[in-house]
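Single-letter residue listing:
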Amino acid sequence: MSENSTGRNESVDVYVRARAYESVRAVLSDDHNYAEGVAAARRVAAAVVAEAGAVVLADVVVGLSLELASALERIATDQGMAAVDLADVWFVE
């Protein structure tokens, strides 16, 4: 079963999507302790590797990238700029 909320043609497996969501929630849920949020996300990644292997972990990374790209596109549209330019601001500058 696949689900696609990115607005793109790629499909993301439900397990992969759930684990990506769990990782994001882990970071966001501990907004007062950055280190614990990062540690929680690492635990999710380690669990994915233990349960399903490195290939599925790569799928989680791709799923997270697709969701981030979709979010950047929405934000960039609201700000009247190209998504790639917004990505440059967030990740390069």
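Up top is the structure these notes are about.
The rules we used
Residues numbered from 1 in each chain as written. Predicted model: local features only at pLDDT ≥ 70, side-chain atom pairs only at ≥ 80, totals over all residues. Heavy atoms only, no water. Helix = DSSP H or I, 4+ residues; strand = E, 2+ residues; numbered from the N terminus. Buried < 20%, exposed > 50% of the residue type's maximum accessible area, 1.4 Å probe, protein only. Contact = heavy atoms within 4.5 Å. Areas by Shrake-Rupley, 256 points an atom, 1.4 Å probe, with all protein chains shown as cover. Axes fitted to C-alpha atoms, helices over the stretch in contact; angles between N-to-C directions. Parallel < 35°, antiparallel > 145°, perpendicular 65-115°, else oblique. Nonpolar A, V, L, I, M, F, W, Y, C, P; charged D, E, K, R; others polar. 1 Å grid on protein atoms, 1.4 Å probe; cavity = no way out; pocket = protein on both sides within 12 Å on 5 of 7 lines; lining within 4 Å. Points joined across faces, edges and corners; volume = space filled by probe spheres on them. Expected span 1.5 Å × (residues − 1). Arc of directions from axis to C-beta. Core = buried A, V, L, I, M, F, W, Y, C linked by side-chain atoms within 4.5 Å.

Chemist: Which parts of the structure should I look at to understand the overall build of the protein chain?
Modeler: In terms of regular secondary structure, the protein chain is built from 4 helices and 2 strands. Buried residues in the protein chain amount to 23% of all 93 residues. Considering only intrachain contacts with a sequence separation of at least 6, the fraction spanning at least 24 residues in the protein chain is 40%. Carbon and sulfur atoms make up 58% of the accessible area of the protein chain, which totals about 6,300 Å².

Chemist: Looking at this structure, I do not really get the packing of helix H3 (residues 54-79) against helix H4 (residues 83-91). What am I missing?
Modeler: Axis separation between H3 and H4 bottoms out at 8 Å; the angle between their running directions is 110°. One finds that H3 runs roughly perpendicular with respect to H4. Of H4, the residues touching H3 (which contributes Leu68, Leu72, Glu73, Ile75, Ala76 and Gln79) are Ala83, Leu86, Ala87, Trp90 and Phe91. Residues that form the contact of H3 with H4 fall into these classes: 9 nonpolar, 1 polar and 1 charged.

Chemist: I keep staring at the packing of helix H2 (residues 34-52) against H3 and nothing clicks. Help me out?
Modeler: Helix packing geometry: the angle between the two helix axes and the distance between the axes. Where H2 meets H3, the axes come as close as 7 Å, and the angle between the chain directions of the two elements is 135°. Between H2 and H3, the crossing angle belongs to the class labelled oblique. Listed contacts from H3 to Ala45, Val48, Val49 and Ala52 of H2 are Val56, Leu57 and Val60. Of the residues in the contact of H2 with H3, the class split is 7 nonpolar, no polar and no charged.

Chemist: What is the right way to read the layout of surface pockets from this model?
Modeler: In this approach a probe as big as a water molecule rolls over the atoms, and the regions it shows empty are the leftover space. Considered as a void within the structure, the largest pocket measures approximately 190 Å³ in volume. If you trace the largest pocket, you find it lined by Ser23, Val24, Val27, Leu28 and Leu64.

Chemist: Please explain helix H1 (residues 14-29) as it appears in this structure.
Modeler: At 3.6 residues per turn, the α-helix brings residues three or four places apart onto the same side. With 16 residues, H1 should cover 22 Å at 1.5 Å per step; its first-to-last C-alpha distance of 22 Å lies within 8% of that length. Of the residues making up H1, those classed as buried are Val16, Arg19, Ala20, Ser23 and Ala26. Across the axial projection of H1, the buried residues extend over an arc of 120°, all falling on one side. Opposite the buried face of H1, by more than 90 degrees, sit the exposed residues Tyr21, Leu28 and Ser29.

Chemist: How should the nonpolar core be read in this particular structure?
Modeler: Grouped together as the largest cluster of nonpolar side chains are 5 residues: Val16, Ala20, Val48, Val56 and Val60. Those elements giving two or more residues to this core turn out to be H1 and H3. Those residues in contact with Val48 that lie beyond four places of it in its chain are Tyr15, Arg19, Gly53, Val56, Leu57 and Val60.

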